[in-house]
Structures are given as structure tokens and as C-alpha cells.
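Okay, here's what each chain looks like letter by letter:
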Amino acid sequence: MELKKQSALENIDACKELLESMSDALWDHPETGYHEHFAARLYCRMLEKLGFQVEQGLAGIETAFSGTYGSGKPVIGFLGEFDALPGLSQQANVTRMCPVTEGGPGHGCGHNLLGVGALAAALGVKKYLEDNKLPGTVKFFGCPAEEGGSGKGFMARDGVFDGVDAAFCWHPGEVNSVATESTMANYQICYHFHGVASHAAMTPELGRSALDALELMNTGVQYLREHVPTDTRIHYAITNSGGNAPGTVQAYAEGLYLLRARQLPQVKELYRRVNNIAQGAALMTETTVDIEFIKACSNSIINTELNHVMQRNLEQIPPQAFDDADLEQARQFRATLTKTSTYFDALAAEATDPEDQKRFQADMDSLIHAVPLPLARERQGFVSSDVGDVSWNCPVAQINAATMPAGVAMHSWQMVAVGKSSMAKKGMLYAAKVMAGSAIDVLENQDILRRAQEELYRRTGGRKYDSPIPDDVKPHIS
Ligand SMILES: [Zn+2]
Ligand SMILES: [Zn+2]
């Protein structure tokens, strides 16, 4: 590896203790979307201390911020997340389900690691720019509410990512790989039904049930499922059933819908049809419905050019060296799994090249998957992410890094429990180096950037980013 890059990556190791303690502090203070005040304060303080210029309150969101170092082009962004998940409180390093706070939040998606890994990468690139006295800007974006809040979507709508030339990110997980799955577009909508309360036995004719309306809506949507494109996803939750008194006609009920499809126009069409069903249910029950648009995500645009850069770095930079203690801990956590994630197997099944198959074979029975996997073919995933909105603004690439035992599922108590472990931190620092190394390659060779931007233009057909979130919709702070 080049000396210049080496010294930037060594700077990440030099800050290891600081970074690890930051990740632990975030794990200790899990905050759900748009409530990340502890995290935002910690990051802003740290960014300032490390020599970044901090901007807070981006897009009018209290917990959205950025840290900038350097000047001029190109502008390289790193995307940091830090929100936790409700209800996933879990003690660290304990091999049974055991909350710290009953019903409290927990870092079930590893975002305590995710944000700090991205900050570490920014730190590496800052060192590179400093040492080599080069023009260029590195920006760390503090992006709130990834889980269900589309923080980056609101930031993108407000132009926060304008002028960024390329962005990198990562996600904690069970393998070391470049992410080649594109994510789906989605809309989240709340349907509020209003009826009339009445004694259900004495004067039922005076009551109009909002709960009936919601149930009819849900039933109508079940029939719709047969007549939508196969890869459409429609999820719902009854978020208010109108109370627990069957003797009173329910005057209010609400349901939360999450609609997904490959592209935004398909989600928009689905939205129109689901709205019609809601109106139909209101008509049948003589209730009314208010339709509240909560948030949306754009589908992601894969960038093969940057994916290749990340793949090279994934293979060049020495991966996590898991020691016996890490492996023993992984063994203990694997013993708690009744079902194991099939993510690795699914990737292995797709490998056709004999060399690639060998690489999968070598890692098949590992307690932690630490082998950098070959670059998988591009494919459609079924989840959504607000990184999608950034990817319409500039070329974006991301990796997964192994931070947990093989077979552990995302959003599980086991993932929370290992979030402060040595294996998790090794994964975080590896991801940081791969991201920083990739960004340095882009800074070194601006042909890469040009090709990546041409690819984005080609894939979007030259269409400019158009936020799927209507102008009057504000972030939903629950
Ligand atoms: Zn998640
Ligand atoms: Zn996540």
C-alpha cells in the first residue's frame, strides 16, 4: 500500500481509544430517531476538538449536523448514523435476553458503531489532506433517524448534500463485503379515522366506528395485494385501535402503512390506490379519514465504479484479526440462536466463479465471517434506506463489515449485546480504514470520480433529484 495512504490509515489506529470510547458512550445512551441529543452533542464536541468546522441544526433538524475540514474540490462525504431502536434494550455481553431498561431502546442496528466508523474514516482523510497539503474537502454528516425517520431524506430535500462529489458509508453486520444490493423506494403514511362515539348497546345507531373503518381498510388492502407488481411490499400496523372498551363505539382509530416498490413512481401509484381504499372504508362506515404523509425514501442508485474502489480497499487492507476471546464469545452467542441468518449462505449460493466459491468455502464454518467476500453481482434488495436519497445527489458506495458472530440477525437482542464487544470495535475500525482508503483513491485519481459521476448520470437518465417528501411535511418526531 502507498505510504501516503498508510499514514492516513495509521491515524485511525492512533485514535482507536477515543473512537472506541465514543462508540461505547453512544451504546450506553441509546436514543431513538430525532431524539439523539446526547449523540449530537458528543459528535459536535468531538468534531470541533478534532479540527472540523461544525454546523448544527441542518434542514431545521436539531440532531442533524456536519463537520467539515479542508476547502475546494472534490468534496468527499461520510454518512454517520446514531439512532437506536425502540424496545431493544439489552445488557452488553450477556448471552440471554436481559434488558438494561424494560421496554427501553437499544442499538439493535449497530449505529453506535456505524457513526463512529464514519467519523474515523473522515479523520483518516483529514490526515491525508493535511499531510499532503492537498486541496479537497472532507465532510462528516451526522444523519439522525435512519430507522423509520428518513433523516437523510429530509436533509437531501433541504439541499444538505448539494455539492458533495462522492459519499461513502458502511453498515455493521455479519460479513465483510461491498454492498451491491439496491434498496427500495418507500412511503410511510398514517391513516387517521374519525367516527362518532356512542353507547354500543343503548344507542348503536348513533355511533360510527372508526375501528370498523380501519378494519375495512386493512381488509381492502389484503385484496389489493393480488393486483400489484410482485415485488411490491405493503406493511401495516394498527397504532391506535380506539381504546379497550367494547361497550363504546370507537370514535378514533389509526393505522400506519409502509409501502415499498423498486421505484418511486410505483410507490406513488400504490399510495393512490391505498388512499382510495381508505376513502372507501370511510364511506362505508360514514366516518372520515385524514391521510398524513409521514416520510419517504428514494430507491438507491448503485455505483459500480465506486464499488470497485471499495472492493480493492476491502481486499488490500488487512481485515479484523479476531482472537480466541472473540471467537469464544461468538461461539457463546451462536449457541443462543434458534434460527440463524441466511445472509452469508445466500451470497455464497450466488457465487459462480470457482475462485469466489473457494473464498466462500473457506469462510463457511467461521464463527465470525472475517474474509473479505468477492464483489457480488448487483441485485435488488427488499429493504429501504435513506442512503437512497443521498445516492441520487452524488455517487455513493457502501460496505458491510463483520461486527458480530456469523448467523446473528439484524435488529436482534444478540446484535445489541455484542455492540460493545472487541469483535464489534475491530469491525468498526476495519470499515473506517476501507472507507478512508477508498476516499483517498478517489482524491488521488479524479478520473474515478468523473467516471462515477457519469455512471450516476447514466443510471438516473440525467434526472435531477426530486425529493419524494412533500414540501410541507416535517420530520415526524414521536
Ligand atoms: Zn436497522
Ligand atoms: Zn442500520
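Residues numbered from 1 in each chain as written. Chains lettered and ligands numbered in written order. Predicted model: local features only at pLDDT ≥ 70, side-chain atom pairs only at ≥ 80, totals over all residues. Heavy atoms only, no water.

A. Representation of the sheet that holds strand E11 (residues 288-297) within the structure. Reading across from one edge, E9-E10-E8-E11 is the order of the 4 strands in this open sheet, with antiparallel pairing throughout. The open sheet has two edge strands with one neighbour each: strand E9 (233-240) and E11. Neighbour-to-neighbour, the strand axes of the sheet open up by a mean angle of 20°, direction not taken into account. Bridge count for strand E8 (residues 185-194) against E11 is 9 bridges, and the pairing is antiparallel. In the sheet register, Phe193 faces E11, and the bridge partner there is Val289. In this fold helix H7 (residues 210-224) packs onto E8, E9 and strand E10 (252-261), with an angle of close to 20° to the strand it touches most, E10. (Pairing = 2+ DSSP bridges. Helix = DSSP H or I, 4+ residues; strand = E, 2+ residues; numbered from the N terminus. Axes fitted to C-alpha atoms, helices over the stretch in contact; angles between N-to-C directions. Contact = heavy atoms within 4.5 Å.)

B. Up close: the environment of Phe344. If you trace the backbone, Phe344 turns up in helix H11 (residues 343-350). Overall, Phe344 belongs to the buried group, its relative accessible area being 2%. Taking C-alpha positions, Phe344 is 8.2 Å from Ala406, a pair spaced 62 residues apart along the chain. Those residues in contact with Phe344 that sit more than four places away from it in its chain are Glu174, Val175, Phe360, Asp363, Met364, His369 and Leu373. (Buried < 20%, exposed > 50% of the residue type's maximum accessible area, 1.4 Å probe, protein only.)

C. Spotlight on the side chain of Ser366. Position of Ser366 relative to the elements: it lies in the loop between helix H12 (354-363) and strand E12 (379-380). For Ser366, a relative accessible area of 19% gives the class buried. Engagement of the side chain of Ser366 in a polar contact is seen with the side chain of Asp363, the distance being 2.6 Å. (Polar contact = N/O pair within 3.5 Å; in protein donor to acceptor, adjacent residues only side chain to side chain.)

D. The coordination of the zinc ion (ligand 2), seen in detail. Protein coordination of the zinc ion (ligand 2) is provided by Cys109 (SG), His111 (NE2) and His171 (NE2), with donor distances spanning 2.1 to 2.4 Å. The sequence pattern describing where the donors of the zinc ion (ligand 2) fall on their chain is C-x1-H-x59-H. (Donors = N, O, S within 2.8 Å, 3.2 Å for Na, K, Ca; no water.)

E. Here's a closer look at the coordination of the zinc ion (ligand 1). The protein atoms that coordinate the zinc ion (ligand 1) are Cys109 (SG), Glu147 (OE) and His411 (NE2), at distances spanning 2.0 to 2.3 Å. One chain supplies every donor to the zinc ion (ligand 1), and in sequence these donors are spaced C-x37-E-x263-H. Separation of the zinc ion (ligand 1) from the zinc ion (ligand 2) amounts to 3.3 Å, with Cys109 serving as a shared donor to the pair. Residue Cys109 is located in the loop between strand E3 (75-81) and helix H4 (111-132), and its partner His411 is located in the loop between strand E13 (396-402) and helix H14 (413-417); the two are separated by 302 residues in the primary sequence. The class for Cys109 is buried, based on a relative accessible area of 7%. Taking the relative accessible area as the measure of exposure, His411 reaches 38% and is therefore partly exposed.

F. Layout of the nonpolar core. Within the largest apolar cluster, 62 residues are counted, with the highest numbers of intra-cluster contacts made by Leu19, Tyr43, Phe78, Val125, Phe168 and Trp170. Discounting residues that sit within four places of it in the chain, Phe168 has contacts with Ile76, Gly77, Phe78, Leu79, Leu306, Met310, Ala397, Met435, Ser438, Ala439 and Val442. The next biggest cluster of nonpolar side chains, apart from the first, holds 56 residues, and it includes Ala156, Ala213, Leu224 and Tyr257. (Core = buried A, V, L, I, M, F, W, Y, C linked by side-chain atoms within 4.5 Å.)

G. Layout of the packing of aromatic side chains. Taken as a whole, this structure holds 15 aromatic pairs when the rule is applied. Between Phe65 and Phe140 the ring centres are 6.3 Å apart and the planes differ by 35°, which places this aromatic pair in the tilted class. Of this pair, Phe65 sits in strand E2 (residues 65-71) while Phe140 sits in strand E4 (residues 136-143), placing them 75 residues apart in sequence. Considered together, Phe65 and Phe140 belong to a single accessibility category, that of buried residues. Measuring from ring centre to ring centre gives 6.4 Å for Phe333 and Trp413, while their planes differ by 55°; the resulting arrangement is tilted. Here the residue Phe333 occupies a position in helix H10 (residues 324-334), and Trp413 occupies one in helix H14, the gap between them amounting to 80 residues. Looking at Phe333, the relative accessible area reads 0%, which means it is buried. The exposure class assigned to Trp413 is buried, which follows from its relative accessible area of 16%. By way of ring pairs, the aromatic residues Tyr43, Phe65, Phe82 and Phe140 are connected into one cluster. Over the ring of Tyr69 we find Lys126; its NZ or CZ atom is 4.9 Å from the centre of that ring. (Phe/Tyr/Trp six-rings, centres within 6.5 Å; stacked < 30°, edge-to-face > 60°. Lys NZ or Arg CZ within 6 Å of the ring centre and 35° of its normal.)

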